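Single-letter residue listing:
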Amino acid sequence: MIKKLIRKILGTKDKSSKGGRNTLVVLGPEAHGIDPRLLSNNAVRVTSTLQEAGYEAFVVGGAVRDLLLGVKPKDFDIATNATPEQVKRLFRRAFIIGKRFQIVHVMFGQDLLEVTTFRGTTSANAPKDEHGRVLRDNTFGSQAEDAERRDFTINAMYYNPANQQVLDYHGGIEDIRAKTLRIIGQPEARYREDPVRMLRVVRFAAKLKFSIEPETGAPIKVMAPLINNVPAARVFDEMLKLLMSGHALACLQQLRKEGLHHGLLPLLDVVLEQPLGVKFVTLALDSTDARIHAGKTVSPGFLFASLLWHQVLEKWTAYRAAGEQTIPALHLAADDVLDSQTEKLALQRKIGSDMRDIWAMQPRFERRTGKAPHKLLEHLRFRAGYDFLLLRCASGEIDAEVGEWWTAFYEGDEITREELLNSASQPNREGAAGGGAKRKRGPRRGGRNRNRGEEGGADNAGADAGHDSAD
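Quantities reported herein were computed from a predicted structural model and do not represent experimental measurements.

(A) View of the pairing of strand 5 (residues 103–108). Taken across its 6 residues, strand 5 has 6 buried, putting it largely inside the fold. Here strand 4 (residues 94–97) pairs with strand 5 via 4 bridges, running antiparallel. Considered in strand 5, the bridge of A94 is made with V106. Here strand 5 hands over to strand 6 (residues 111–117) after 2 residues, with G109 in that stretch at a positive phi of 65°.

(B) Looking closely at the nonpolar core. Counting 93 residues, the largest nonpolar core has L243 and W359 as the members making the most contacts within it. Core analysis: the next-biggest nonpolar cluster, separate from the first, contains 14 residues, F365, Y386, C393 and L421 among them.

(C) Seen up close, the sheet that holds strand 2 (residues 57–60). The mixed open sheet is built from 8 strands, whose spatial order is 1-8-7-2-3-6-5-4. A strand with exactly one partner marks an edge of an open sheet, and here the two such strands are strand 1 (25–27) and strand 4. If you compare each strand with its neighbour and ignore which way they point, the axes differ by 30° on average. Across 4 bridges, the pairing between strand 7 (residues 157–160) and strand 8 (residues 165–168) is antiparallel. Residue N160 lies in a different strand from strand 8, and its bridge partner there is Q165. In this fold helix 3 (residues 41–52) packs onto strand 2, strand 3 (77–80), strand 5, strand 6 and strand 7, with an angle of close to 35° to the strand it touches most, strand 6.

(D) Focus on the layout of surface pockets. Taken as a whole, the second largest pocket holds about 420 Å³ of empty space. For the second largest pocket, the lining is made up of 17 residues, of which R291, S299, F302, A384 and D387 are closest to its centre. Secondary-structure elements contributing two or more residues to the lining of the second largest pocket are helix 15 (275–293), helix 18 (349–361) and helix 20 (382–394). Tallied by class, the residues present in the lining of the second largest pocket amount to 7 nonpolar, 4 polar and 6 charged.

(E) Representation of the pattern of salt bridges. This structure, assessed with the given rule, holds 18 salt bridges. The salt bridge involving R150 is made with D146; its shortest N-O contact spans 3.0 Å. Note on D146: relative accessible area 1%, which makes it buried. Three or more residues are tied together by salt bridges with common partners; here these are R119, D146 and R150.

(F) Summary view of the confidence of the model for the protein chain. Scored by pLDDT, the protein chain comes out at a mean of 82, with 80% of its residues at no less than 70. Note that residues 1–20 has pLDDT below 50 and, in this model, 23 contacts with residues that lie over four places away or in other chains. Between residues 428–471, whose pLDDT stays under 50, and residues either more than four places distant or in other chains, the model counts 21 contacts.

(G) Broad picture of the environment of L226. Within the secondary structure, L226 is located in the loop between helix 11 (220–223) and helix 12 (232–243). C-alpha separation for the pair L226 and R192, spaced 34 residues apart in sequence, amounts to 7.4 Å.

(H) How the structure looks around helix 9 (residues 196–208). Given a rise of 1.5 Å per residue, 13 residues ought to cover 18 Å, and the 18 Å separating the end C-alpha atoms of helix 9 matches this to within 8%. In terms of residue burial, helix 9 counts as a mostly covered element, since 11 of its 13 residues are buried. Every buried residue of helix 9 is accounted for by V196, R197, M198, L199, V201, V202, R203, F204, A205, A206 and L208. Phi turns positive one or two residues past the end of helix 9, at K209, with a value near 60°.

(I) Highlighting helix 3. A rise of 1.5 Å per residue sets the reference length of helix 3, with its 12 residues, at 16 Å; its end C-alpha atoms lie 16 Å apart and thus fit the reference within 8%. Turning to helix 3, its buried residues are N42, A43, V46, T47 and L50. Around the axis of helix 3, the buried residues are gathered within 135° of arc, so they sit on the same side. Exposed side of helix 3, more than 90 degrees from the buried face: N41 and E52 are the residues found there. Buried residues in helix 3 make contact with strand 2, strand 3, helix 5 (84–90), strand 5 and strand 6.

(J) Region of the structure containing the packing of aromatic side chains. This model, assessed by the stated rule, comprises 19 aromatic pairs. Taking 5.2 Å as the distance between ring centres and 45° as the angle between the ring planes, the aromatic pair formed by Y386 and Y410 counts as tilted. In this pair, Y386 is assigned in helix 20 and Y410 in helix 21 (residues 400–411), connecting sequence segments 24 residues apart. Residue class for Y386 comes out buried when judged on its relative accessible area of 4%. Its relative accessible area of 29% is what places Y410 among the partly exposed residues. In this structure an aromatic cluster arises from ring pairing among F365, F382, Y386, W405, W406, F409 and Y410. Taking the ring centre of F204 as reference, the NZ or CZ of R203 above it sits at 4.9 Å.

Basis of the calculations
Residues numbered from 1 in each chain as written. Predicted model: local features only at pLDDT ≥ 70, side-chain atom pairs only at ≥ 80, totals over all residues. Heavy atoms only, no water. Buried < 20%, exposed > 50% of the residue type's maximum accessible area, 1.4 Å probe, protein only. Helix = DSSP H or I, 4+ residues; strand = E, 2+ residues; numbered from the N terminus. Pairing = 2+ DSSP bridges. Core = buried A, V, L, I, M, F, W, Y, C linked by side-chain atoms within 4.5 Å. Axes fitted to C-alpha atoms, helices over the stretch in contact; angles between N-to-C directions. Contact = heavy atoms within 4.5 Å. 1 Å grid on protein atoms, 1.4 Å probe; cavity = no way out; pocket = protein on both sides within 12 Å on 5 of 7 lines; lining within 4 Å. Points joined across faces, edges and corners; volume = space filled by probe spheres on them. Nonpolar A, V, L, I, M, F, W, Y, C, P; charged D, E, K, R; others polar. Salt bridge = Lys/Arg side-chain N within 4 Å of Asp/Glu carboxyl O. pLDDT = per-residue confidence, 0-100. Expected span 1.5 Å × (residues − 1). Arc of directions from axis to C-beta. Phe/Tyr/Trp six-rings, centres within 6.5 Å; stacked < 30°, edge-to-face > 60°. Lys NZ or Arg CZ within 6 Å of the ring centre and 35° of its normal.

Here's what the structure looks like:
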């Protein structure tokens, strides 16, 4: 009877479970090899404060996974048997958030740590939508129940900084060593509870270069439409994590492979089927990954502007072909794309504004005479627009000479900039007058007319450049 009760509680009859997988394994420092120096001081501070108050407290989830892989975690989550209200009382800057499941954000300066109470498995009466997605679930439970509620085996381990022990309930250590991504419990049921887990499978598989266990991956293509029932804000948050994982291109390729991208970036297939489109997107994502690996910041606006650029480009071309002027046509194209994607991805207003600025700057890079280049340098989003221009050049969309000119102008001193403006204005002047026409008019000029022509030519160009330099 006892064995049957244990099996019932721990779910050992799940298809995804193997013999002994749901047995608690405790590993000491020699067995798991975690370097304590990789831990955040604030994470240790939170766990020790909770433990000193008489509660259990552990570093949990992705942080433990990264520690086991020898990687310094970006974020540290804490799991405890203290309720949210009890946690809040122990810290000066602590805030209870969340409707679906309450958690506590504990702040130390700019450092945010997420503290969750162990979740229980008795969620049968939790409110759900018609597709089985759990809407609210604030049922608390034991650590074993909490481990069973977590999504993947590699994210269901608990690390105690006080004694340096790792508690592994579902064979997470084995899966990490085998580089396998396995969901806890019955896959279809877990995806139905929270369809975002399908996106998380893709992100972890691409980021960690793990293979997806067959039973874990099998239902994804069939159940992918369930993502349409998830609030757009949650989908956007997960997409942002995916794109800023440092493995964005691999993630998008995995999305396509699993058939999950249709409701997120529905025209991505069209973009990636065009030679210029696939090169542009690849360059943009490679650049993003490189910046993340170098510890540099990445703009979400730039990311989404890059992914959606060829949709804008296609509509921009269509509007111009229909008779719209260049700038109004671009604004109309941007409106169309943003209106379409905002509904699907819940793009924040700030991100949408940044995207518009980046796109709207592109025609202005074609104006390389007079005061226009200097004014463009003063634009708050100039660097983002300039980087975007370089991507367009590198992908072959526009002439590389445009990017080279702007690089020289951006990095040059005032004298260099004057020379660049002069060199850019001369071909424009000849083009406007027509090379042959200018030569024909020359012989007809005499005395006073010739002098007036000279004063209106090179000397004025130099004066204009001087005004631009001073501007």
